[in-house]
Structures are given as C-alpha cells and as structure tokens.
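# A structural walkthrough
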Amino acid sequence: MSVVQSLLKDKEAANLYTAGLVGSAKAVLIAAVYERLHTPVVCVLNDMESAGYFYNDLTQLMEAADVCFFPSAYHRHIKYGHIDAGSEILRTEVLGKLQDPESRFIMVTYPDALAEKVIAKEVLKEQTLRINKSEQLDSLFVSDVLDTYGFERTDYVYEPGQYAVRGSIIDIFSYSCESPSRLDFFGNEVESIRT
C-alpha cells in the first residue's frame, strides 16, 4: 500500500495499473485508494461480467451511494439495438453525478459502455427539471415540461420516461431514479415528494 500511496502523491501519475491481484483484492485496493482521494475514481474492467462482479465487491466494502455502475444502454444478448430502461437509469445517474463538481464517487464500467455516446453536459443540464418540496410550481407547467422532454403520459407509470396525472398528484418515472416519484400538490405548492 505504501507504493500506491507514493504514486497517488505524484502529480504526474494520473493512471494506476495493477496486476497480480486476485479475487476481491482489486476492490479492497480501490476502496483504500478512494478513501485517500478527493476526486471521482473511474475503474474500467474488461467486460460487463467482470465489471458487475467488481461493482458488487465494492458495494460490499463501501457505502452503496459512493459506487456507481455505468453499463451499456443496450440489450445486446436479446436484440441488438434494443434499449434497456434499467441501464439507462444507471447511466443517467452517473451523468448526473458528473454534473456536480463537488461530487466524489467510484464509477465502475467497461469499454463497450464507454464507447456509447452520451448526452452533452450542457444539454443534460438544460433538460433537467429540479423540483423541491414547498416550491411554488404549477402542475400544468410540470406536465408541459415533461411533454417537451419527451415523457409519455400514461395512466400508470412503470418504466422510465413516463408520467401520470391524477388530480393534484403527478407520478414521474425519471431516467435518473430507480423508482418513480410522486409529487403531491396543494394548489400551486409542492406539498410532498416521495417514491
């Protein structure tokens, strides 16, 4: 570990390559390195399977909020070109964290996922609607914005990119969350937000 610490102090050593580590030793090393760094860490593994195992090892060692998985957005094993909604959520979560310059996390990925295009930082920021509890906001405005962003209005939300309106309640399944959110309005005030 002392060799790794000296490399981390060296300003010119931006990339760290390790060899000879077996089992969960890689995850233990990365978790220890992460504790000493104050920046995001990117771990690129050979393929989706090894990245998945590595991600699982890291989440067992650390807070799950500190580790993000950046997968490919496609179901290659089912039908080429078919988008996977769950993977899209994970990708959007990572992109959202990268928007925050104070953010600190470990991103686990693999070459196929990195090769896919992502939305430009400016476009993502421009097309993000942040809603807070007790905020004064018209529910019709929220519906209009969601329509503009390409969300589908449905009776019941069950996948990312959908929203439903029932009276003063709007259910939204954002691409950046693993479950839908419910906004409860009292007049033009957001009374509560819950999953």
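### Structural notes on the nonpolar core
Soluble, globular proteins show a tendency: their nonpolar side chains are buried together. Formed by 24 residues in total, the largest nonpolar core has its most connected members in Cys-43, Phe-54, Leu-58, Met-62, Ile-106 and Val-108. Looking at this core, the elements with two or more residues in it are helix H2 (25-36), strand E1 (41-44), helix H3 (48-61), strand E2 (67-70), helix H4 (85-99) and strand E3 (106-109). Core analysis: the second largest hydrophobic core is formed by 11 residues, Leu-137, Val-142, Leu-146 and Tyr-163 among them.

### A closer look at the sheet that holds strand E8 (residues 189-194)
Spatially, five strands are ordered E4-E5-E6-E7-E8 in an open sheet, and the strand pairing comes out mixed. Single-partner strands in this sheet number two, and they are strand E4 (152-153) and E8. In the sheet, E4 pairs with strand E5 (residues 162-166) via two bridges, with the strands oriented parallel. When the bridges of E5 are listed, Glu-152 appears paired with Gln-162. Across the face of the sheet, helix H7 (residues 139-148) comes into contact with E5, strand E6 (169-173) and strand E7 (181-186) while running at roughly 25° to E6.

### Re the pattern of salt bridges
Considering all chains together, one arrives at three salt bridges under this definition. Here Arg-91 and Glu-116 are joined by a salt bridge, their closest N and O atoms 3.7 Å apart. A residue pair is termed long-range when its members are at least 10 positions apart, and Arg-91 in helix H4 and Glu-116 in the loop between helix H5 (111-115) and helix H6 (121-126) qualify at 25 residues. Its relative accessible area of 13% is what places Glu-116 among the buried residues. Ionic contacts of the salt-bridge type, sharing partners, join the residues Arg-166, Asp-171 and Arg-182 into one network.

### Let's talk about the sheet that holds E3
Pairing between the strands of a sheet comes from backbone hydrogen bonds, and it takes one of two forms, parallel or antiparallel. Across the sheet, three strands lie side by side as E1-E3-E2; this open sheet has parallel pairing. Single-partner strands in this sheet number two, and they are E1 and E2. Strand-to-strand twist of the sheet, defined as the mean angle between neighbouring strand axes without regard to direction, takes the value 20°. Examined bridge by bridge, E1 and E3 share four bridges and lie parallel to one another. The partner of Val-42 across the bridge, within E3, is Met-107. Packing against the sheet, H3 makes contact with E1, E2 and E3, and its axis sits at approximately 165° to E2.

### Considerations on H7
Turning to H7, its buried residues are Val-142, Ser-143, Val-145 and Leu-146. For H7, the arc enclosing every buried residue in end-on projection is 165°, short of the 170-degree limit, so these residues lie on one face. In H7, the exposed positions that point more than 90 degrees away from the buried face belong to Leu-140 and Thr-148. Where H7 is buried, its residues touch E5, E6 and E7.

Definitions and limits used
Positions within a chain are numbered from 1, following the residues in the order the chain's sequence is written. Local features in this predicted model are restricted to residues whose pLDDT is 70 or higher, and side-chain atom pairs enter the listing and the counts only when it is 80 or higher, whereas totals over whole chains, interfaces and linings include all residues. Water and hydrogen atoms were dropped before computing side-chain values, which therefore reflect all heavy atoms in the structure. Residues belong to a common nonpolar core when they are buried Ala, Val, Leu, Ile, Met, Phe, Trp, Tyr or Cys residues joined through side-chain atoms within 4.5 Å. Only protein chains enter the accessibility calculation, which uses a 1.4 Å probe; a residue is then buried when its area is under 20% of its type maximum, exposed when over 50%, and partly exposed in between. Numbering of helices and strands runs from the N terminus, with a helix taken as a DSSP run of H or I at least four residues long and a strand as a DSSP run of E at least two residues long. In this scheme, strands are said to pair when DSSP sees at least two bridges between them. Contacts between residues were defined by any pair of non-hydrogen atoms, one from each residue, lying within 4.5 Å. Here, axes are lines fitted to C-alpha atoms. For helices the fit covers the stretch in contact, and angles between N-to-C directions go from 0 to 180 degrees. For this analysis, a salt bridge means a side-chain nitrogen from Lys or Arg found within 4 Å of a carboxyl oxygen belonging to Asp or Glu. Summarising the geometry, the arc corresponds to the directions from the helix axis toward the C-beta atoms.

Shape is all these values report; function is a separate question.
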